[in-house]
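Here is what each chain is made of, one letter per residue.
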Amino acid sequence: MFLTIAFPVFDPIAIAIGPIAIRWYALAYIGGIVLGWLYARKIIRSERLWGGKAPFTVTDFDDFILWVTLGIILGGRTGYVLFYNLNFFTQHPAEIFKLWTGGMSFHGGFMGCVIAVLLFGWKRNISVLSLGDVTCAVGPIGLLLGRLANFINSELWGRTADASVPWRMVFPNGGPLPRHPSQLYEAGLEGVALFIILALLIRGGALKRPGLIIGAFAALYGVARIVSEFFREPDPQLGFLWGGLTMGMILSVPMIVAGLIFIGAAWRRGPRTAGDGAAKAA
């Protein structure tokens, strides 16, 4: 008999009103966007963090929420279709639009956010680097809630674990063997740890160097995701790729490289001054 922790079985439907069912996963997206928006407004209002007025207003960010929401959803779904299950969706194209059946990619959602930041920044003629910094600063909130929703749904579970892992679990749809609760590992690394590090950087003046938070987010997320992938079971339709790598690992490497480039560029550029509050698009 394995020594394991019993998986706390949750109902994936959080709220049901007649035929209308709201799932925990949907609430995670909604909660991440709302809480991120509130935290972003607080950051934008703090002149101390920017060394003067922020290069855009709270109203600008309020308008940006719709753009970034569409970027997350469209990018996340597109990334999943292209990177994780292209053969299936090529044969069943109508399934692409059934978002309620699940299937989102963080890396695709991240690219959707990048596109939203670029388009909105250029449209409003505001600093895309600073807008991206704020967007990345609040991103770990959504990551935390999303990974917790994965755990609640008993999906994206970890690889099999031996008796040296006392918190291993048998997931309802993961077979009879105990596994790592890798969703919680990712919630801790990609959500809690990343949020704390970025918050400390912001308090230390990182927003005065446009692009620094973008770089830190991309590089640190990439590292956290690669570490987590060592404990996470690969998607069954893909399995392990070259040399035992997973798709999540491969997609995270460019993020780390790009993040380091952004960090280096932000550091060489130097800090913004109080007179840059009305800066145009960078």
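Because the structure is predicted, anything quoted here is derived from the model rather than measured.

Some points on the UniProt feature "binding site: a 1,2-diacyl-sn-glycero-3-phospho-(1'-sn-glycerol)" (unreviewed entry) in the protein
In step 1: Mapped onto the present numbering, the UniProt feature "binding site: a 1,2-diacyl-sn-glycero-3-phospho-(1'-sn-glycerol)" (unreviewed entry) falls at Arg147.
In step 2: With respect to the helices and strands, Arg147 occurs in helix 6 (residues 128–152).
In step 3: Here Arg147 is in contact with Leu156, Gln183, Glu186, Ala187, Glu190, Tyr221, Arg225 and Arg232, once residues within four sequence places are set aside.

Some points on the packing of aromatic side chains
In step 1: In total, this model carries 16 aromatic pairs according to the counting rule given.
In step 2: Here the aromatic rings of Tyr25 and Tyr29 are separated by 5.3 Å at their centres, their planes lie at 65°, and the arrangement is edge-to-face. Of this pair, Tyr25 and Tyr29 are both found in helix 1 (residues 24–45), four residues apart, which corresponds to roughly one turn of the helix.
In step 3: Between Tyr80 and Tyr84 the ring centres are 6.0 Å apart and the planes differ by 15°, which places this aromatic pair in the stacked class.
In step 4: Classification of Tyr84 by relative accessible area gives buried; the value is 6%.

Considering the packing of helix 3 (residues 58–83) against helix 6
In step 1: Where helix 3 meets helix 6, the closest approach of the two axes is 12 Å, and the angle between their N-to-C directions is 70°. Taken together, the axes of helix 3 and helix 6 are roughly perpendicular relative to one another. Like other packed secondary-structure pairs, helix 3 and helix 6 cross with a definite hand, here right-handed. For the pair helix 3 and helix 6, contact is made by Phe61, Phe64 and Val68 and by Leu131, Val134 and Thr135, respectively.
In step 2: Among the residues forming the contact of helix 3 with helix 6, the class breakdown is five nonpolar, one polar and no charged.

With respect to the UniProt feature "transmembrane region" (unreviewed entry) in the protein
In step 1: Residues annotated by UniProt as "transmembrane region" (unreviewed entry) correspond here to residues 26–44, 64–84, 104–122, 134–152, 184–202, 211–228 and 240–263.
In step 2: Each end of residues 184–202 is marked by a C-alpha atom, and these two atoms are 26 Å apart; helix forms 100% of the span and strand 0%.
In step 3: In residues 240–263, the share of helix is 71% and the share of strand is 0%. The end C-alpha atoms are 31 Å apart.

Let's talk about the state of the cysteines
In step 1: Scanning the model with the defined rule gives zero disulfides in all.
In step 2: Distance from the sulfur of Cys113, which forms no disulfide, to the nearest cysteine sulfur (Cys136) is 7.9 Å.
In step 3: Classification of Cys113 as buried rests on a relative accessible area of 14%.

Cut-off values and rules
- Residues numbered from 1 in each chain as written.
- Predicted model: local features only at pLDDT ≥ 70, side-chain atom pairs only at ≥ 80, totals over all residues.
- Heavy atoms only, no water.
- UniProt positions renumbered as here; feature names shortened; annotations may be inferred.
- Helix = DSSP H or I, 4+ residues; strand = E, 2+ residues; numbered from the N terminus.
- Contact = heavy atoms within 4.5 Å.
- Phe/Tyr/Trp six-rings, centres within 6.5 Å; stacked < 30°, edge-to-face > 60°.
- Buried < 20%, exposed > 50% of the residue type's maximum accessible area, 1.4 Å probe, protein only.
- Axes fitted to C-alpha atoms, helices over the stretch in contact; angles between N-to-C directions.
- Parallel < 35°, antiparallel > 145°, perpendicular 65-115°, else oblique.
- Left-handed = near helix turned anticlockwise from the far one by under 90°.
- Nonpolar A, V, L, I, M, F, W, Y, C, P; charged D, E, K, R; others polar.
- Disulfide = S-S within 2.5 Å.

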